[in-house]
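# Per-entry structural report
This is what each chain is made of:
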Amino acid sequence: IKQGDTILAQVSLAYDASFLWILAEVTDPSPLRNELSDMTNAFKTGDAIDLCIGPRTPDRAVPIMGDIRVLLVPGPTKSKVIAYRQVQIGKTRGSKQLYQSPVRKVAFDDVYEMPEAKVVFKLTDKGYLCEAIVPLAQLDLAKATTGLRVRGDLGVLWGNDVGR
């Protein structure tokens, strides 16, 4: 992930039959700051690694069943892995959330912590490392087959000195 010619983060993804493995090395002058006072709003309160994946379907402009945003969040006492699903048909694991800004509203059918996933953050001399293991079953990819294709995006959220 670059800003101009400056590398701000390097991220690697891998998978095996059961897990998605994530490794991120982030340059950050105020590393591992996220107040994490409200799990449902952790993307607004500081540092995090942000993974969005879902079924690969052509020419779609709206979220569909299977899309998931996974947020890896360093916490003041314990780091968390939080899932956000805009479309969830059937059983939910958390709560519905409506996010509103001055320009739009976005509704999520299910926002919940993923205790089955594991994440560790480590300080470095330039920022931090994030290592995570997410069960494919939690991503609706438990029956992943050879040649499966998904859409995705991975990003880094930077917070300020006080974790906002």
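The structure under discussion appears in the preceding block.
Below is a summary of the structure that appears in this document. (Residues numbered from 1 in each chain as written. Predicted model: local features only at pLDDT ≥ 70, side-chain atom pairs only at ≥ 80, totals over all residues. Heavy atoms only, no water.)

Computed from the structure, the largest pocket encloses a volume of approximately 660 Å³. The wall of the largest pocket is formed by 24 residues, among which Cys-52, Pro-63, Gln-86, Val-106 and Phe-108 lie closest to the centre. Of all the elements in the fold, those that place two or more residues in the lining of the largest pocket are β5 (48-55), β6 (68-73), β7 (80-85), β8 (95-100), β9 (105-113) and β12 (150-157). A class-by-class count of the residues in the lining of the largest pocket yields 11 nonpolar, five polar and eight charged. (1 Å grid on protein atoms, 1.4 Å probe; cavity = no way out; pocket = protein on both sides within 12 Å on 5 of 7 lines; lining within 4 Å. Points joined across faces, edges and corners; volume = space filled by probe spheres on them. Helix = DSSP H or I, 4+ residues; strand = E, 2+ residues; numbered from the N terminus. Nonpolar A, V, L, I, M, F, W, Y, C, P; charged D, E, K, R; others polar.)

Bridge analysis of strand β3 (residues 9-15) against strand β4 (residues 19-27) gives seven bridges, and the strand direction is antiparallel. Bridge pairing in β4 links Ala-9 to Val-26. In this structure, the hairpin formed by β3 and β4 is closed by a connection of three residues. (Pairing = 2+ DSSP bridges.)

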